[in-house]
Protein chains: 2
Amino acid sequence: MYGGIEAGGTKFIFAVCDDNMNIIERRSIPTTTPDETFKEVFKLFDKYDLKAIGIGSFGPIDVNKQSNTYGYIKSTPKLIWKNTDFLGVFKKRYDIPIGWTTDVNIAALAEYKLGTAKGKDSCVYITVGTGIGGGSIINGKFLGGINHPEMGHFYPPRHGKDNYKGICDYHEDCLEGLASGPAIEARFGKSAKELNQDHEAWDIQAHYLAHAALTYTTILRPDCIIFGGGVMNQNHLLDKIHNKFENILSDYLEISSIKDYILSTGLGNDSGIIGSLLLAKETYSEY
Amino acid sequence: MYGGIEAGGTKFIFAVCDDNMNIIERRSIPTTTPDETFKEVFKLFDKYDLKAIGIGSFGPIDVNKQSNTYGYIKSTPKLIWKNTDFLGVFKKRYDIPIGWTTDVNIAALAEYKLGTAKGKDSCVYITVGTGIGGGSIINGKFLGGINHPEMGHFYPPRHGKDNYKGICDYHEDCLEGLASGPAIEARFGKSAKELNQDHEAWDIQAHYLAHAALTYTTILRPDCIIFGGGVMNQNHLLDKIHNKFENILSDYLEISSIKDYILSTGLGNDSGIIGSLLLAKETYSEY
């Protein structure tokens, strides 16, 4: 049996699966305080004889094994979780191997092993929702140097008709500040799902997300890029991103089919929890 | 003995060194046709009993070992070199291990092993000259998915006072199109070295290069970023990049000292040829 946790800032999803990745039991609860939330996870995990646990957490988190705060949630805007020793609490309770990475990395792992990126050499997974974040698997490993990427916080070039100042607390008009769900709502007074397909919002949105895809492409050269998250539930958006990407790529790099390169998720909202269980299994086999 | 080639679009530098990396003989010639240029390299390499060769080439090149054109120079603007089977020619002549990667990757390798990035876990090397390109070592390997990065070809946000359309043949106002040596010259009518330290060019240049550094930071989280290339010979520029980077990073990610994070080269113009010899040695020991 393996335990997995997809720890989001809004909700915690956690589950237990068998050796064949069949989910035996699964729960989803609102994220309250660390103590309260962890207690609910313990209740489930304590019922089983787990071999390993996989955790994918909201962040920023510390994934640098040389660091004193390895396993912590760091300077998150969710202040009650700031400086929480997430991994430490679980290591103390369960004397088994525990895998620890970001929420977007476990989603990337699930898509890479079982989803849209199955059979590809490498992938980037980007979620466009309350925030924008990305995870990547390159050379069979989660990408990152001294710590994990924050792929939503570089500054894209402005869309010519967009004067919105941006909503990011740190950067104003970084990618997250211009193209996350809250940015759309603040700019147009309506949420993504309330905006008609022919609203100018979508041209602006496609501009920023195509530039995100091109930026990841030029820096990482992955085998594919997968867009997930709530804002991507508008099906027409992916087509618009394809068109805009083709336009700005300008035949520079060999990409045989843009439709097979920029993809939607294969596992939908389950990529996180499935990825956390895959991480548990991988952590066990590497142990 | 090891042989190394830093194959640039303007000149080829090649050398032979002993086991301790002492350079025994070194030459630099203008890059003419593939046949003529290779013949000069053969003349040097044939004199020694080489154990391995390392090649860092201008590109785009094919570094995907599964590809039919692995080892080729691809769609380069230098048309006489387009679709040249560079690695194949050397494999045919020398039956020894040959390492093959980009010119910026070998510079990154040299800085990582012996230069400014020595002792760091990971690094990005970016050259700002006739073009802009970057190489990176993450998790001890050259970064790349299905092929090598082209780190100069994403689109940065515009500097508020810069209306120059950009010089890149493919993208116009990508990073290379706005911040390479030829872009500076086309915009201001003077080359980088002719422009006074207080010219507005440097504020614009620092803006684009700081955004490049931030983009690499958010996507890769390397341990350091090294700027090399002709345009960086203006010493005041690195300070301006530090200031601008601090401003746009906006305390978001933990970087203890920006001056120790964004660095100039430790090996200067020698990073390429030294890196090619290091690549030869590594290729031999992995063989």
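None of the values given here were measured: they were computed from a predicted structure.

Peer 1: Quick question: what am I supposed to make of the packing of aromatic side chains here?
Peer 2: Taken as a whole, this structure holds 36 aromatic pairs over all chains when the rule is applied. Pairing A:Phe38 with A:Trp81 gives two aromatic rings, centres 5.4 Å apart and planes at 90 degrees, and the pair type is edge-to-face. With A:Phe38 in helix α1 (residues 34-45) and A:Trp81 in the loop between β4 (52-57) and α2 (86-93), this residue pair connects regions lying 43 residues apart in the sequence. With 5.3 Å between their ring centres and 85 degrees between their planes, B:Phe38 and B:Phe90 make a pair best called edge-to-face. You can see B:Phe38 sitting in helix α1 (residues 34-45) and its partner B:Phe90 sitting in helix α2 (residues 86-93), a full 52 residues away along the chain. The exposure class of B:Phe38 is buried, given its relative accessible area of 3%. Taken together, the aromatic side chains of A:Phe12, A:Phe38, A:Phe42, A:Phe45, A:Phe58, A:Trp81, A:Phe86, A:Phe90, A:Tyr94 and A:Trp100 make up a single cluster linked through ring pairs. Against the face of A:Phe42 rests A:Arg93, its NZ or CZ located 4.2 Å from the ring centre.

Peer 1: Help me out: how do you make sense of the interface of chain A and chain B in this one?
Peer 2: Put simply, an interface is often sized by how much accessible area is lost when its parts join up. Across the boundary between the two partners, chain A contributes 40 residues, which contact 40 residues of chain B. Buried surface at the junction of chain A and chain B, summed over both partners, amounts to about 3,600 Å²; 60% is from carbon and sulfur atoms. Counting the contacts that link chain A with chain B gives two salt bridges. Across the pair A:Glu254 and B:Lys74 runs a salt bridge whose closest N-O atoms are separated by 3.2 Å. Seen at the junction of chain A and chain B, the total is 22 residue pairs in polar contact (both at pLDDT 80 or more). Counting residues per element, the ones that place at least two in the side of chain A that touches chain B are β8 (141-142), α6 (200-220) and α7 (235-249) of chain A. It is α6(A) that contributes the most residues to the side of chain A that touches chain B, seven residues altogether.

Peer 1: Would you explain the packing of helix α6 (residues 201-220) of chain B against helix α7 (residues 235-249) of chain B in this entry?
Peer 2: Any two packed helices are characterised by the angle at which their axes cross and by the distance between the axes. All names here are of chain B. At their nearest, the axes of α6 and α7 sit 8 Å apart, and the two run at 55 degrees to each other. The orientation of α6 relative to α7 falls into the category oblique. Here the hand of the crossing between α6 and α7 comes out right-handed. Between α6 and α7, the residues in contact are Trp202, Gln205, Ala206, His207, Leu209, Ala210, His211, Ala213, Leu214 and Thr217 and His236, Leu237, Lys240, Ile241, Lys244, Phe245, Ile248 and Leu249, respectively.

Peer 1: When you look at the pairing of strand β7 (residues 132-138) of chain A in this model, what are you seeing that I'm missing?
Peer 2: Both faces of the sheet carry side chains from a regular strand, because those side chains alternate between them. Residues and elements named next belong to chain A. In terms of burial, β7 is a largely internal element, seven of the seven residues being buried. Burial along β7 is two-sided: the face carrying Ile132, Gly134, Ser136 and Ile138 and the face carrying Gly133, Gly135 and Ile137 are both buried. When strand β6 (residues 123-128) meets β7, the two strands line up antiparallel, connected through six bridges. Across the sheet, residue Val124 finds its bridge partner in β7, namely Ser136. Relative to β8, β7 is paired through two bridges, and the arrangement is antiparallel. For Ile138, the partnering residue across the bridge sits in β8 and is Lys141. Hairpin connection, β7 to β8: the antiparallel pair is bridged by two residues, and Asn139 has positive phi, about 55 degrees.

Cut-off values and rules
- Residues numbered from 1 in each chain as written.
- Chains lettered and ligands numbered in written order.
- Predicted model: local features only at pLDDT ≥ 70, side-chain atom pairs only at ≥ 80, totals over all residues.
- Heavy atoms only, no water.
- Phe/Tyr/Trp six-rings, centres within 6.5 Å; stacked < 30°, edge-to-face > 60°.
- Helix = DSSP H or I, 4+ residues; strand = E, 2+ residues; numbered from the N terminus.
- Buried < 20%, exposed > 50% of the residue type's maximum accessible area, 1.4 Å probe, protein only.
- Lys NZ or Arg CZ within 6 Å of the ring centre and 35° of its normal.
- Contact = heavy atoms within 4.5 Å.
- Buried area = accessible area lost by both parts, 1.4 Å probe.
- Salt bridge = Lys/Arg side-chain N within 4 Å of Asp/Glu carboxyl O.
- Polar contact = N/O pair within 3.5 Å; in protein donor to acceptor, adjacent residues only side chain to side chain.
- Axes fitted to C-alpha atoms, helices over the stretch in contact; angles between N-to-C directions.
- Parallel < 35°, antiparallel > 145°, perpendicular 65-115°, else oblique.
- Left-handed = near helix turned anticlockwise from the far one by under 90°.
- Pairing = 2+ DSSP bridges.

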